[in-house]
Every structure is written in structure tokens, then in C-alpha cells.
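# Structural overview for review
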Amino acid sequence: MNANRERRRRRPRSVRARAALAAALTAALVLTGIGWWVHQEVRRQSLSAAHEQARDDLFALVDQLEKGHVPSPRRAVPYEVVATGRRTAVAAGGGMDAFDPSAGHVLPAPPARTAPIRDAGAVWGYAYRPMRIPDRSDHDVGSGHDLAGRSHTILYDDIWAGQLSRAQAAALGVRPDATLRAYVVLVPDTAEEIAAAVDDLLLRAGLVGLVLIGAVAYVTVRVALRPVEAVRRLTASITDPGERVTVPATAHEITALATTINTTLQRLDHAAARQRRFVADAAHELRSPLTTLLTSLEVALAYPDRTDWPATATTAARQTRRLQALAEDLLLLARLDTRAPTADPETVDLSALASQLADQHPLAARKVELTCDSTGPVPVRGNPDELERLLRNLLDNAARHAAHRIQVTVRSEDGQGVVIVADDGPGVPAEDAERIFERFVRLDDARSRDQGGTGLGLAIARDLAQRHGGVLTLAPRTLGACFELRLPQAPDQDGVPGRDHPASGGGAVDARTTSSVASSM
């Protein structure tokens, strides 16, 4: 761990330094590749120029030899002219004369010829091949090129003395039937020196370029990050989610960053406002039954002789039940807000569950007809208790607002289980279609607390629907309210979502439960 910590400490932490280092490393790789290519190209061009120079010198030697002139030893390119039947060189120079002329020629003599025929491998009148120059003891290492003991590309061309006059052959010191061969040594020293000079220049220019590129990248990133630093300082100074950072006028990534921060702050502001509103509403809802309970108990204790103790106990029990129900709802909402997945989901038949709740539901103290229709089993995956709570909340809401009738319909549709709970009550205004799913929202403020509920039922129902991967919406309706619940159906044994199940005898199963109850809750 200490080694990793030391390694992290050595790495540049600044974005500017990292960007400059990355730019310098990238430039170094690119410049290295370019330098290698330039080195190879310069060396190739230099060798090509040296080859052309050696070829021109070879042609000049051949012209001199064909005129019967002995070439001068003072030449820039090493050369040697040898002949058959002759032990010593006809002529040598440019560094080849560093060998003792009396010790014999250095390069091999050509084979004897009887006709002016060029070498079969000749190109443009001459030939060339790599050849090693022997390292002889008579070589003077202090004069000319150091050629001994090294391999070089050697250009050569043959001349038949039979093409020359006797006087020209005599001037060259060869027999009239001898074959002369002119050698020119291609020395790459100049090409290597040029390549080395270019390499040195490229190295200097590359180092300067790397420094400039790193500095430019550092300054550029520093300038580019100034708006980010400004946004950071503004964000760090924010103490109220209602504050916002300044969005730069230019449309670039910094603008997107500032916009995202403002959007996040806005969400936090909304969440904080919602939390404050929720706490205030919860406190208000808790204060109402507590005030009623406390008042009734204080009055009973102040006037014990004139108190109807059974009525006081009944009132206290009713308010305690309200407090208990409200506390349970608040705990359930807190658990739903954690977005934890449903634990141990089971397969639940929505049709059977809706029929059971319709049978057992205690309707309001007025005659309301509750019917439940389904076309067959509608299996879904989820927590049975939570799904029961969802449907019960929908039925409780319909029972509070229905005038005469509540209709529950359960069916399968497009791989989903659909539950529709409709009532013939006053309905919901279109502008409040979403607001009714908010917490502690009651559209009828004139309704009493006992009759109107706490305003958490629909909020809990929607959260439970979303927790099970479904949706709960208020469907358009001309009379009354119609809530539509859609949940993913559980797959059957073949892994396919459940389909409508045909009834025996070709008809649809009609599981209808009708309840007409006139009892108090």
C-alpha cells in the first residue's frame, strides 16, 4: 500500500499537468515516428546521390582509359584500375592508393577476354556488387579513407585492350590483348554524416517542440478550465438550493456543466421543498388527532363528574386509531422512498385478490354497490401484502367518493395485468389529475378528516405500483373517477407472459362479486 501511495504521489495531480504530459508524450511518439522516417529518407537519398557520383566517376575513368590516359590519383572517390597479366594496379587513388603499389593490386583482376563484350549483369554499361576490401599489412591507415577490412558496394566496368591502339595500351602499361577493369568504391561516409547531422537537428528541434507543445497544452487547458474553476467556486459558495450558478454565454461544454449543476440544484430544491412540505403536512395531520385526544382527556379530567367516560374513551380510541394508521402510512412511505426492490416476490392472482377484497371491503354508511368482473386469472409477480394494500387503497378512495356504484374490472392486456377501479362520484378535474397522487392532497377540504382520509392513500398506491414495475393513472371519464393500474404479468411455464385464459365450454369466466352493505367502518 505504501508503494501504491508513493506511486500516486509521484503522478501529476493537476489536470493541466496531466494534459500537458499527455500532449508531450503524444507529440514525442509522433515526432519519433517522423524523425525515423526522415532519417531513413535522408540516408536513402544520400546513398542514392553517392551512388550517382560514383557512377559518374566510373564513367569518367572509363573515358580516360579508352583514350589511353592514366587517371590521376587525386580523386574524391576511391578507385582502382587493374588488368589481366599485370601484378600491380594500373592506377589507384582517392584512398585506394594507401596500399603499397609495389605489393600488388587490391581488388581482383578481371578474366581475360577476346572480344569487347560487357558483363552480363551490367546495368547502363556498368555493374556493382558488395565486396570486402582486404586488410593488408601494407595499408597506410593515416592517408585517405579507411577502407581496409570493410565491405563496400563497388561499381566496376571492363575495357578490352583490343579496342585500344598499341600506343594507348602501351601508355596504360598493359598488353594489347589484356582486359582492364575500373573499380569505384561507394563510400557511405558522407551519407552517414548527412544522416547524423539531420538526426542531431531533428533531436534539437524535437526537444524544443516537445517543450513548446507541453507549455501550449498547459496554458490552453488552464485557460479552458477557468470557467470550470469559476463554476466550482460558485457551487462551493452556495448554501441555499434556491441559488444558481452563472451559465456562460458561449455554447460549449462549460455551459452544459453549468446547466447540469443548475438542474441538479433545482431538483435538490424541489426535493427539499417537498420534504419540508411533507414534514409540515405530517405534523399538521398528527397535530389534529393529538389535539382532539388531548382536549377530550383534559376536559374529562377537569370535570370528571360531568364527563361521559364511555364517549370519551370512544373518542380517544378513534383518534388513537387515526394516529396509528397515519404513523403506519408514514413509515410505509419512508420505506418506499428508499427504492429498495421487492423482497421475495411471489406470483399473485390479481383477479382473485380483487374479488376477495371486494367481498371483504367495509363500505361507507350508505348503500353502495360494489361489483368485481374478471375474465380469468391474471398472475403478476410481487409482494402479496403490498399488492393487497395497493388495491385496498383504490377501493377505499372509490368508497369515499362513490354515489351509488363502484365497478372493479380485472383483465389481461398485451402482457400486462390491468385493474380498473371506477366510481360514479363527482370525479376529478382535469387540472388535478396528477396532483391527487401527491402526498396529503385532498381536493374536498370541506370533507371531515374522518371521511376525507389523510391524503396518503393514492400516493402510497402509486409508489407501490412503481415499486412493482407498473403504473397507476387516472383515466379520462365523463362521470366519476376511473383509476387504471397496469402491472407486468408473471410468465407462464413456457416463459411467456400470461395470456387470457379461455373458460371451459368456450365461454369466458365471469367471476362477479356484488356487495350491498350498509354498515359503519
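Quick caveat, the model's predicted, so the values are computed rather than measured.

## Quick look at the overall build of the protein
When you go through the protein residue by residue, the secondary structure sums to eleven helices and 13 strands. Burial statistics for the protein: of 521 residues in total, 37% are counted as buried. Here the analysis covers contacts within the protein between residues at least 6 apart in sequence; of these, 68% occur between residues at least 24 apart. With the model as given, the accessible surface of the protein reaches about 29800 Å², and the carbon-plus-sulfur share is 56%.

## Focus on the pattern of salt bridges
Scanning the entire structure with this criterion turns up 15 salt bridges. Ionic pairing is found between Arg55 and Asp56, a salt bridge with its closest N-O pair at 3.8 Å. Using a relative accessible area of 40% as the deciding quantity, one classes Asp56 as partly exposed. Through salt bridges that share partners, Arg411, Glu413, Glu484 and Arg486 make up one connected network.

## Re the nonpolar core
Membership of the largest hydrophobic core comes to 46 residues, with the highest contact counts inside it found for Leu391, Ile406, Val408 and Phe483. At seven residues, helix 9 (residues 384-401) tops the list of elements feeding residues into this core. Discounting residues that sit within four places of it in the chain, Val408 has contacts with Ala354, Leu370, Thr371, Cys372, Asp373, Leu395, Val419, Ile420 and Val421.

## Description of the sheet that holds strand 5 (residues 179-186)
Read across the sheet, five strands follow the order 2-1-5-4-3 without closing on themselves; strand pairing throughout is antiparallel. The open sheet has two edge strands with one neighbour each: strand 2 (91-93) and strand 3 (127-132). Each adjacent strand pair in this sheet contributes to an overall mean axis angle of 25°, direction not counted. Bridging between strand 1 (residues 79-83) and strand 2 involves three bridges; their strand directions are antiparallel. Residue pairing in the sheet places Glu80 in a bridge with Ala92 of strand 2. Contacts between helix 2 (residues 15-66) and the sheet are confined to strand 1, strand 3, strand 4 (151-160) and strand 5, with strand 5 contributing the most and set at about 155° to the helix.

## Some words on the packing of helix 9 against helix 11 (residues 457-467)
With their axes 9 Å apart at the nearest point, helix 9 and helix 11 run at an angle of 145° to one another. Helix 9 and helix 11 meet at a crossing whose hand is left-handed. Residues Glu386, Arg389, Leu390, Asn393, Leu394 and Asn397 of helix 9 form the contact with helix 11, whose own contacting residues are Gly457, Leu458, Ile460, Ala461, Leu464, Ala465 and Arg467. Here the contact of helix 9 with helix 11 is built from residues that sort into seven nonpolar, three polar and three charged.

## Some thoughts on helix 2
For helix 2, built from 52 residues, the straight-helix expectation of 76 Å at 1.5 Å per residue is met to within 8% by its first-to-last C-alpha distance of 75 Å. The positive-phi residue at the C-terminal boundary of helix 2 is Gly68, with phi of around 80°.

## What about the packing of aromatic side chains?
Applying the stated criterion to the full structure yields four aromatic pairs. By the ring-pair criterion, three or more aromatic residues cluster together here, those being Phe59, Tyr126 and Tyr128. The lysine or arginine in question, Arg75, covers the ring of Tyr79, its NZ or CZ lying 5.8 Å from the ring centre. The ring of Phe437 carries Arg462 above its face, with NZ or CZ at 3.9 Å from the centroid.

## Examining the packing of helix 8 (residues 350-360) against helix 9
One can describe the packing of helix 8 onto helix 9 by two numbers: an axis separation of 10 Å at closest approach and a directional angle of 50°. Comparing the axis directions of helix 8 and helix 9 gives the class oblique. By crossing handedness, the relation of helix 8 to helix 9 is classed as right-handed. Across from Leu350, Leu353, Ala354, Leu357 and Ala358 in helix 8, the residues of helix 9 making contact are Leu387, Glu388, Leu391, Arg392 and Leu395. Among the residues forming the contact of helix 8 with helix 9, the class breakdown is eight nonpolar, no polar and two charged.

## Details of helix 4 (residues 189-224)
Here helix 4 is 36 residues long and its end C-alpha atoms lie 51 Å apart, about the 52 Å a rise of 1.5 Å per residue gives. Residues Ala191, Ala195, Gly206, Gly209, Gly214, Ala217 and Val221 constitute the buried set of helix 4.

## Some thoughts on unusual backbone geometry
Of note in the backbone geometry, Asp414 takes a positive phi value of approximately 55° without being a glycine. On the secondary structure map, Asp414 appears in the loop between strand 9 (405-413) and strand 10 (416-423).

## Remarks on a nonpolar patch on the surface
The grouping of Val30, Leu31, Ile34 and Ile213 at the surface amounts to a nonpolar patch, some 300 Å² of accessible area in total. Of the residues forming the nonpolar patch, the biggest block, three residues, is contributed by helix 2. Relative to the helices and strands, Ile34 is located in helix 2.

## Here we look at the confidence of the model for the protein
The predicted model of the protein has a mean per-residue pLDDT of 79, with 83% of residues at 70 or higher. Segment residues 499-521 is flagged for pLDDT under 50; beyond a separation of four residues in sequence, or across chains, it makes 46 contacts in the model.

## A few points about the pairing of strand 7 (residues 368-374)
For strand 7, a buried count of six out of seven residues is recorded, marking the element as mostly surrounded by other parts of the structure. Note that strand 7 and strand 9 share six bridges and pair parallel. The residue bridging Cys372 from the neighbouring strand is Val408, located in strand 9.

## Let's talk about the environment of Phe278
Structurally, the position occupied by Phe278 is in helix 6 (residues 253-302). What makes Phe278 buried here is its relative accessible area of 16%. A C-alpha to C-alpha distance of 9.8 Å links Phe278 and Leu330, two positions 52 residues apart in sequence. Setting aside chain neighbours within four positions, we find Phe278 in contact with Leu330, Leu333, Arg439 and Phe440.

Reading the values: the criteria
Residues numbered from 1 in each chain as written. Predicted model: local features only at pLDDT ≥ 70, side-chain atom pairs only at ≥ 80, totals over all residues. Heavy atoms only, no water. Helix = DSSP H or I, 4+ residues; strand = E, 2+ residues; numbered from the N terminus. Buried < 20%, exposed > 50% of the residue type's maximum accessible area, 1.4 Å probe, protein only. Contact = heavy atoms within 4.5 Å. Areas by Shrake-Rupley, 256 points an atom, 1.4 Å probe, with all protein chains shown as cover. Salt bridge = Lys/Arg side-chain N within 4 Å of Asp/Glu carboxyl O. Core = buried A, V, L, I, M, F, W, Y, C linked by side-chain atoms within 4.5 Å. Pairing = 2+ DSSP bridges. Axes fitted to C-alpha atoms, helices over the stretch in contact; angles between N-to-C directions. Left-handed = near helix turned anticlockwise from the far one by under 90°. Nonpolar A, V, L, I, M, F, W, Y, C, P; charged D, E, K, R; others polar. Expected span 1.5 Å × (residues − 1). Phe/Tyr/Trp six-rings, centres within 6.5 Å; stacked < 30°, edge-to-face > 60°. Lys NZ or Arg CZ within 6 Å of the ring centre and 35° of its normal. Parallel < 35°, antiparallel > 145°, perpendicular 65-115°, else oblique. Patch = residues over 30% accessible without salt bridge, like charges linked within 9 Å, V, L, I, M, F, W, Y side chains within 5 Å. pLDDT = per-residue confidence, 0-100.

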